[in-house]
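Below, each chain spelled out in residue letters.
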Amino acid sequence: MAMLKHHQSIKSDTIHLPPSFPIRITETSGVSPSFQRLHLHVEMEINLIVKGTGYYIINGNKYPFRQGDIILINSNELHRAFETEDLIMMVIMFDPGWLAVEQRYDAELLAPFRKVGERFSNLLDANHEAITTLQNILNDMKREFDQASDSYVSVIRAQLIRFLAYINRYFKLPGAPRHQAKLQGIETIREVVQHMEEHVTEAWTLQNLANLAHLSPSRFSYLFSQIVGTSPMDYLIQLRLSHAVHLLETTEMKIIEVSTICGFRNLSNFNRLFRLYIGKSPSELRK
C-alpha cells in the first residue's frame, strides 16, 4: 500500500479562460460528475441558483441553497456541489487578476472572496433585502456574455465590479458566520482524497484509507464525512464513475473495458451504480 507524501494536497483544477477576457458565464442543469468530486481552482466562482435546491460542501461547511441564493467560492477553497431537486445554476468563473487595476483604488473590492468566513459568508441569502440588485447584475452579465454585442467585455467587467461593491456595502457581517466550522484534520483528509484520485482503481477498504490518515476507521469515517459530505467508500464510487463518464465521452473504449479500468469488479455492478448515481446507463450516456 502506497503511503502519503508529506504536505501533498489536492491538485488545482485547470480552468481555461482566455487571457484577454478571463471570465466564463454558463448555465448548468443538475451537477456534473466533475463538480460532484471534491475540487478546487484558483479562479473565483459565483453561483446564482436559478431554480431548484441542493447544497455545497465548502471547506467542510455545508450550505443548503435554494432558488435566488448566491454562492461565492474563493480561490483554492475545497468544494463540491449536490443537487436535491430540479437544480439549475448560473456559474461564473473569473480570474481575480482581471481586476488588479481596480484594486489599486478599492483595496477591499475582492473582500467578499478573500475574507469569506471572516467578514462574509459563502452564501448570500435570497431573503436579503439587497439580493435582487445582485441577481439583476448577474442576469445582465449573462445576457451580455451570450449576445457579445459591441463593448460587451467592458460592460461585463463594469457589472462585475458593481456586483462586488454591492456585496461589500450590503452583505458584510458583524462577526464570523455562525455556521463556519473550525474543523481539525482538513489537510489530512485533503491528502487522502488526493491519493484516492491518483489511485482510483485500487481495491481500497475503509481500513486501508484510515491507515493513510493514521486514524481509526470510525474516526476517519466521521471526519471524512464532515469534510467531504459523504462516506469514504461512497466518495470512491463517485470518483470511479466520474472517471468512467470521462472515458465514455472521450474514447471509443468498450463499456466493459471502461468498467474494468475504473475499478469495478463486474459489468452488472458498474451498470447498476452508474444508473443510480448518473441517472442513465453507460450506453445512454454515450449515445
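Residues numbered from 1 in each chain as written. Predicted model: local features only at pLDDT ≥ 70, side-chain atom pairs only at ≥ 80, totals over all residues. Heavy atoms only, no water.

Points about the overall build of the chain
Line of reasoning, step 1. Helix and strand content of the chain: 12 helices and 6 strands.
Line of reasoning, step 2. Computed over C-alpha atoms, the radius of gyration of the chain comes to 20 Å, within 12% of the 19 Å expected from 2.2 N^0.38 for 287 residues, which places it in the range of a compact globule.
Line of reasoning, step 3. Principal-axis analysis of the C-alpha atoms gives the chain an extent of 55 × 45 × 35 Å.
Line of reasoning, step 4. Split into buried and exposed, the 287 residues of the chain put 47% on the buried side.
Line of reasoning, step 5. For the chain, the share of sequence-separated contacts (at least 6 apart) that also reach a separation of at least 24 residues comes to 74%.
Line of reasoning, step 6. Put simply, the chain shows about 14,200 Å² of open surface, and 50% of that area lies on carbon and sulfur atoms.
Line of reasoning, step 7. Side-chain charges in the chain split into 30 positive and 30 negative, and the spacing between the mean points of these groups amounts to 3 Å. (Helix = DSSP H or I, 4+ residues; strand = E, 2+ residues; numbered from the N terminus. Rg over C-alpha atoms; globule rule 2.2 N^0.38 Å. Buried < 20%, exposed > 50% of the residue type's maximum accessible area, 1.4 Å probe, protein only. Contact = heavy atoms within 4.5 Å. Areas by Shrake-Rupley, 256 points an atom, 1.4 Å probe, with all protein chains shown as cover. Lys, Arg positive; Asp, Glu negative; His and termini not counted. Charge placed at Lys NZ, Arg CZ, Asp CG, Glu CD.)

So, the environment of His-79
Line of reasoning, step 1. Counting through the fold element by element, His-79 comes out in strand S5 (residues 79-94).
Line of reasoning, step 2. Under the relative-accessibility criterion, His-79 is labelled buried at 1%.
Line of reasoning, step 3. In sequence terms His-79 and Tyr-56 are 23 residues apart; their C-alpha atoms lie 6.8 Å from each other.
Line of reasoning, step 4. At a separation of 3.4 Å, a polar atom in the side chain of His-79 contacts the side chain of Glu-45. (Polar contact = N/O pair within 3.5 Å; in protein donor to acceptor, adjacent residues only side chain to side chain.)

Considering the nonpolar core
Line of reasoning, step 1. The biggest cluster of nonpolar side chains holds 31 residues, and the ones touching the most others in it are Ile-23, Ile-46, Ile-70 and Phe-163.
Line of reasoning, step 2. Where this core is concerned, the elements lending two or more residues are strand S1 (23-29), strand S2 (44-58), strand S4 (70-73), S5, helix H3 (111-114), helix H4 (131-147) and helix H5 (152-170).
Line of reasoning, step 3. In contact with Ile-23, other than residues within four places in its own chain, are Leu-17, Ile-92, Met-93, Phe-94, Trp-98, Met-141, Phe-145, Ile-156 and Leu-160.
Line of reasoning, step 4. Membership of the second largest hydrophobic core comes to 21 residues, among which are Met-196, Ile-227, Tyr-235 and Leu-236. (Core = buried A, V, L, I, M, F, W, Y, C linked by side-chain atoms within 4.5 Å.)

Some thoughts on the environment of Arg-240
Line of reasoning, step 1. Within the secondary structure layout, Arg-240 lies in helix H9 (residues 232-250).
Line of reasoning, step 2. The class for Arg-240 is buried, based on a relative accessible area of 12%.
Line of reasoning, step 3. Residues Arg-240 and Cys-262, 22 residues apart in the sequence, show an inter-C-alpha distance of 5.4 Å.
Line of reasoning, step 4. Discounting residues that sit within four places of it in the chain, Arg-240 has contacts with Val-200, Thr-201, Glu-202, Ala-203, Trp-204, Cys-262, Gly-263 and Phe-264.

Focus: the environment of Thr-260
Line of reasoning, step 1. The topology assignment puts Thr-260 in helix H10 (residues 255-261).
Line of reasoning, step 2. For Thr-260 and Phe-270, which are 10 residues apart along the polypeptide, the C-alpha to C-alpha distance reads 9.0 Å.

With respect to the packing of helix H6 (residues 186-198) against helix H8 (residues 217-228)
Line of reasoning, step 1. For the pair H6 and H8, the least separation of the axes is 10 Å and the interaxial angle reads 85°. Taken together, the axes of H6 and H8 lie roughly perpendicular to each other. Packed against H6, whose contacting residues are Ile-186, Ile-189, Val-192, Val-193 and Met-196, the element H8 presents Phe-220, Leu-223, Phe-224, Ile-227 and Val-228 at the interface.
Line of reasoning, step 2. Looking at side-chain class alone, the contact of H6 with H8 contains 10 nonpolar, no polar and no charged residues. (Axes fitted to C-alpha atoms, helices over the stretch in contact; angles between N-to-C directions. Parallel < 35°, antiparallel > 145°, perpendicular 65-115°, else oblique. Nonpolar A, V, L, I, M, F, W, Y, C, P; charged D, E, K, R; others polar.)

Comments concerning the packing of aromatic side chains
Line of reasoning, step 1. Under the criterion given, the structure shown has 11 aromatic pairs.
Line of reasoning, step 2. For the ring pair Tyr-56 and Phe-65, a centre distance of 5.9 Å and an interplane angle of 50° mean the geometry is tilted.
Line of reasoning, step 3. Given a relative accessible area of 3%, Phe-65 falls into the buried group.
Line of reasoning, step 4. Put simply, the rings of Phe-21, Trp-98, Phe-145 and Tyr-152 pair up and form one aromatic cluster. (Phe/Tyr/Trp six-rings, centres within 6.5 Å; stacked < 30°, edge-to-face > 60°.)

Concerning unusual backbone geometry
Line of reasoning, step 1. One non-glycine residue, Asn-76, adopts positive backbone phi at about 65°.
Line of reasoning, step 2. Counting through the fold element by element, Asn-76 comes out in the loop between S4 and S5.
Line of reasoning, step 3. Look at Asp-86: it is not a glycine, yet its phi comes out positive at around 45°.
Line of reasoning, step 4. By the element assignment, Asp-86 lies in strand S5.
Line of reasoning, step 5. The exposure class assigned to Asp-86 is partly exposed, which follows from its relative accessible area of 46%.

Section: the confidence of the model for the chain
Line of reasoning, step 1. Here the chain shows a mean pLDDT of 88. Residues at 70 or above account for 91%.
Line of reasoning, step 2. Highest mean pLDDT in the chain belongs to H4 (98); lowest belongs to helix H1 (residues 33-36) (66).
Line of reasoning, step 3. Of the regions scoring below 50 in pLDDT, residues 1-8 engages in 18 contacts with residues more than four places distant in sequence or in other chains. (pLDDT = per-residue confidence, 0-100.)

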